[in-house]
Amino acid sequence: MKFLLNLYPSAAALSGEAFDPEQLLAATGHAGELIDGYLLADPSISAVVRVLDGAVIVTEGPYLQTPDHVAGQFLVDCESRERAVELAALLPSDQIGAVEVRPLMDSAGMEM
């Protein structure tokens with residue numbers, strides 16, 4: 001099963017403290033579960049694109065007016081949701097804040 005681990009930064013991470021995913025990388029690399037991972041740029045330099053009545057509307061900056069945003073993602077392929085939660089728990093919560101574990105879907109629905 002494939003899961004996306006979405007990283008939501010803590011205040012410490014927002015203040016520039018380095019993020020170290022060493023435990024997650026070691027565990028997933030050894031087991032062959034890591035597919036890929038990314039850290040994302042600050043949402044203030046993003047753009048949101050919408051098409052309304054045929055008109056393209058581009059809004060600069062983050063979509064939601066909220067302090068929470070996805071700061072990075074890891075894509076893992078593991079046996080179960082429980083294993084994905086175990087992997088998420090390897091990320092340093094004092095640096096990350098929270099990790100959302102979300103299953104991926106294929107064109108037929110949930111990949112379960």
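Refer to the structure presented above.
Figured I'd write up the structure that's included with this text. These numbers come from a predicted model, not from an experiment.

This next bit is on the pattern of salt bridges. Counted according to the given criterion, the structure contains 3 salt bridges. Of the charged contacts, one joins Arg-102 and Glu-100 as a salt bridge, the two residues approaching to 2.7 Å between their closest N and O atoms. Under the relative-accessibility criterion, Arg-102 is labelled partly exposed at 45%. For Glu-100, a relative accessible area of 24% translates into the label partly exposed. Here the salt bridges do not stand alone but share partners, grouping Glu-33, Arg-83 and Glu-86 into one network.

As a further point, take helix H3 (residues 81-88). Taken together, the buried positions of H3 are occupied by Ala-84, Leu-87 and Ala-88. Along the axis of H3, the buried residues cluster in a sector spanning 100°; they form a single face. Contacts made by the buried residues of H3 are with strand E1 (2-8), helix H2 (22-31), strand E5 (72-77) and strand E6 (98-103).

We now examine the side chain of Thr-28. Mapping Thr-28 onto the fold places it in helix H2. Side-chain polar atoms of Thr-28 contact the backbone oxygen of Leu-24, separated by 2.8 Å.

Here the focus is the nonpolar core. With 12 residues, the main nonpolar core is built from Phe-3, Leu-5, Leu-7, Leu-24, Phe-74, Val-76, Cys-78, Ala-84, Leu-87, Ala-88, Leu-91 and Ile-96. Put simply, the parts of the chain that give this core at least two residues each are E1, E5 and H3.

Another point: a nonpolar patch on the surface. A cluster of nonpolar side chains, contributed by Val-49, Val-51, Val-56 and Val-58, occupies part of the molecular surface with about 380 Å² of accessible area. Listing elements by their share of the nonpolar patch, those giving two or more residues are strand E3 (47-52) and strand E4 (55-60). The topology assignment puts Val-58 in strand E4.

Our next topic: the sheet that holds E5. Spatially, 4 strands are ordered E2-E5-E1-E6 in an open sheet, and the strand pairing comes out antiparallel. Edge positions in the sheet fall to strand E2 (34-39) and E6, since each of these pairs with one other strand and no more. Sheet twist, expressed as the average angle between the axes of neighbouring strands with direction ignored, equals 15°. Direction of pairing for E2 relative to E5: antiparallel, over a ladder of 5 bridges. The partner of Gly-37 across the bridge, within E5, is Phe-74. Relative to the sheet, H2 contacts E1, E2 and E5, its axis offset from that of E5 by approximately 25°.

A word on unusual backbone geometry. Residues other than glycine seldom take positive phi values, yet Asp-53 does so here, at roughly 55°. Relative to the helices and strands, Asp-53 resides in the loop between E3 and E4. With a relative accessible area of 87%, Asp-53 lands in the exposed category.

Reading the values: rules and limits
Residues numbered from 1 in each chain as written. Predicted model: local features only at pLDDT ≥ 70, side-chain atom pairs only at ≥ 80, totals over all residues. Heavy atoms only, no water. Salt bridge = Lys/Arg side-chain N within 4 Å of Asp/Glu carboxyl O. Buried < 20%, exposed > 50% of the residue type's maximum accessible area, 1.4 Å probe, protein only. Helix = DSSP H or I, 4+ residues; strand = E, 2+ residues; numbered from the N terminus. Arc of directions from axis to C-beta. Contact = heavy atoms within 4.5 Å. Polar contact = N/O pair within 3.5 Å; in protein donor to acceptor, adjacent residues only side chain to side chain. Core = buried A, V, L, I, M, F, W, Y, C linked by side-chain atoms within 4.5 Å. Patch = residues over 30% accessible without salt bridge, like charges linked within 9 Å, V, L, I, M, F, W, Y side chains within 5 Å. Areas by Shrake-Rupley, 256 points an atom, 1.4 Å probe, with all protein chains shown as cover. Pairing = 2+ DSSP bridges. Axes fitted to C-alpha atoms, helices over the stretch in contact; angles between N-to-C directions.

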